[in-house]
Amino acid sequence: MFLRRAALALMAIALVAVACTRTSTTTTTSGPPPSPTPSVTHATGIDTLQHLIFIVQENRSFDQYFGTYPGADGIPTNPDGSFSVCVPDKFQGGRCMPPYVTRSIDQDGGPHNHEASVRDVNGGQMDGFIDSLPPRPTKCWTTPTLPECDVQLGPQGQPDVMSTQRRAAIPNYWAYADHYALQDHLFAPVDSWTLPSHLFLVSEWSAACANPNDPMSCHSDINLSDPSLRWDYGKKPVYAWTDLTWLMDEQQVSWRYYVGNDTCAQPPCPTTGRQFYGTSYNRNPLPGFSSFADRHGQGGSWKDNILPVDDYLSAASDGTLPDVAWVAPASNVSDHPGGPSTIRTAMAYVTRVINAAMRSPEWGSTAVFLTWDDWGGFYDHVMPKRFDAMGYGLRVPGLVISPWAKQGYIDHTVLSFDSYAKLIEDRFLNGARLDPKTMDRPDSRPTVRERRANSLEKAFDFHQKPDPPLILDPWPWPQKEPYPSF
């Protein structure tokens, strides 16, 4: 279990005011903004970015969070503003149910595996979201008379997979979209659930391997439904193919994977006392790679590269951020529907992580990419692009937050996590790819996905005056509640 650093946690919560030349109802201002780091002065283009931070939350579709955002490819509407699309509801005799604006801060969502994705997309009709829901008596879509159903269901009895949020519900995310770049055609990398998406995030593949030490023994697996094929805490590595950090270590690119402070690296884990919230195995897959264990020793890398999020806060404050940082949430701030988090605790956590980057002396050379790992069963009206046999998956929200991000820009480029890998490789690895033909640890992957991926660079303008930080209140609602722990 990682020990919490109380001083750093207090630092993360405090609202230190920073100047901002543009207004926002959730912004606090005072004092000069951080200046671009000296090394940025002579950099040009993509080389201006010396720190890439990828924050990956859980289980929201683009339409669930930005379906009514002005100018984005959101939920289709009629001239009077009502939604013009609908989905058949098998629980209400097949009536066609439109999306609705929810009043709840805690959704149930729906199934989000490969089978559900195929049913939801329904050959491009995008109308299988309610059909994917199982008949569970404890859920409002099956038993609408339950006490919580007055806020959980829509005005016509719609299940909350048809819900969408508006600005008042998630104001900080919308403020980031206002001030920086919103990506409205960012798709999950794989037509499946959390674990395959995170495997793509760090390795560009999801596979099952006959021999955990033989990278040529793997074959594509979109589900990893057999638990024996999935690494978990306390187990030996099972992912034999080569991960992205292998290339980064070869070229001495610094990186960190930050997880919840209470994440238990080696069972037995705490079961008594206060509630512990860690980052689950499916959001922290790197220790499951034999290529990772080969370099760091099984379990030994935890003290060096897989670190508690308090270490991220410290690195941001000290100006010692790595070249590449992934930030994976604990369960109580993950955004996962039906769990211990809510959209408010998740947004508070994300805001604190972004605020820390903005207060850093390295902010002038930093880009933050905020996304969600899969659609969580929520409605989305855009048919995913068929990239290859494994994806893309359904659309997820994407934000690019940086002094160099185009201001108030909506990027319609078709993107995925492949584009994240491509950016890392282009910026720090001289364009080297996870390609079996060029890697010194070749594997049996069928394609080099990032080679075909679109670039993220349209979201940036490296000739503009650097945009000042936008420090936001992590909890902008009138009713104040304790901040969730990391």
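Rules used throughout
- Residues numbered from 1 in each chain as written.
- Predicted model: local features only at pLDDT ≥ 70, side-chain atom pairs only at ≥ 80, totals over all residues.
- Heavy atoms only, no water.
- Helix = DSSP H or I, 4+ residues; strand = E, 2+ residues; numbered from the N terminus.
- Buried < 20%, exposed > 50% of the residue type's maximum accessible area, 1.4 Å probe, protein only.
- Areas by Shrake-Rupley, 256 points an atom, 1.4 Å probe, with all protein chains shown as cover.
- Core = buried A, V, L, I, M, F, W, Y, C linked by side-chain atoms within 4.5 Å.
- Contact = heavy atoms within 4.5 Å.
- Disulfide = S-S within 2.5 Å.
- Axes fitted to C-alpha atoms, helices over the stretch in contact; angles between N-to-C directions.
- Parallel < 35°, antiparallel > 145°, perpendicular 65-115°, else oblique.
- Nonpolar A, V, L, I, M, F, W, Y, C, P; charged D, E, K, R; others polar.

A.B. asks: I'd like a rundown of the overall build of the protein, residues and numbers included.
C.D. replies: Looking only at helices and strands, the protein features 12 helices and 16 strands. Residue burial in the protein is summarised as follows: out of 486 residues, 59% are buried. Counting only carbon and sulfur atoms, one obtains 53% of the accessible surface of the protein, whose full area is about 17700 Å².

A.B. asks: If you had to explain the nonpolar core to someone new, which residues and values would you point to?
C.D. replies: Counting 116 residues, the largest nonpolar core has Phe 66, Tyr 173, Tyr 176, Tyr 312, Trp 326 and Phe 369 as its most contacted members. For this core, the leading source of residues is helix α10 (residues 343–359), giving 11 residues. Within the second largest apolar cluster, 18 residues are counted, among which are Val 121, Phe 129, Ile 130 and Val 161.

A.B. asks: Can you tell me about helix α6 (residues 194–203), naming the residues and giving the values?
C.D. replies: Since the α-helix advances by 3.6 residues per turn, residues separated by three or four positions end up pointing in the same direction. Among the 10 residues that make up α6, 10 are buried, leaving the element largely enclosed by the rest of the structure. Contacts made by the buried residues of α6 are with β1 (51–57), α7 (244–250), β10 (255–259), β12 (324–327), α11 (417–428) and α12 (449–452). Two residues or fewer after α6 comes Glu 204, characterised by a positive phi angle close to 65 degrees.

A.B. asks: Outline unusual backbone geometry, supporting the account with residue identities and numerical values.
C.D. replies: Between Pro 267 and Pro 268 the backbone carries a cis peptide bond, its omega angle lying at 10 degrees. Checked against the element boundaries, Pro 268 lands in the loop between β10 and α8 (290–296). Omega for the bond connecting Gly 391 with Tyr 392 falls within 30 degrees of zero, at 15 degrees, which places this linkage in the cis form. Within the secondary structure, Tyr 392 sits in the loop between β13 (366–372) and β14 (398–401).

A.B. asks: Break down the state of the cysteines for me, citing the residues and quoting the values.
C.D. replies: Scanning all chains against the criterion turns up four disulfides. Each disulfide pairs two cysteine sulfurs, and for Cys 86 the partner residue is Cys 96, the sulfurs being separated by 2.0 Å. Between Cys 86 and Cys 96, the S-S torsion sits near 95 degrees, and that sign places the bridge as right-handed. Taken as a pair, Cys 86 in the loop between α2 (62–66) and β2 (87–89) and Cys 96 in strand β3 (residues 95–97) lie far apart in primary sequence, 10 residues in all. Shown here is the disulfide that connects Cys 264 with Cys 269, its sulfur atoms set 2.2 Å apart.

A.B. asks: Help me get a handle on the environment of Pro 76, residues and values and all.
C.D. replies: Inspection of the secondary structure puts Pro 76 in the loop between α2 and β2. Not counting the four nearest positions on each side in its chain, Pro 76 is found in contact with Ser 82, Phe 83, Ser 84, Val 85 and His 381.

A.B. asks: Provide a residue-level description of the packing of helix α5 (residues 171–179) against α10, including the pertinent values.
C.D. replies: Packed helices, taken two at a time, are described by the angle between their axes plus the distance between the axes. Following both chains from N to C, one finds α5 and α10 inclined at 40 degrees, their axes separated by 9 Å at the closest point. Judged on the interaxial angle alone, α10 and α5 are oblique. Only Ala 346, Met 347, Val 350, Thr 351, Ile 354, Asn 355 and Met 358 of α10 make contact with α5, whose side of the interface consists of Pro 171, Asn 172, Tyr 173 and Tyr 176. Within the contact of α5 with α10, the residues separate by chemical class into eight nonpolar, three polar and no charged.

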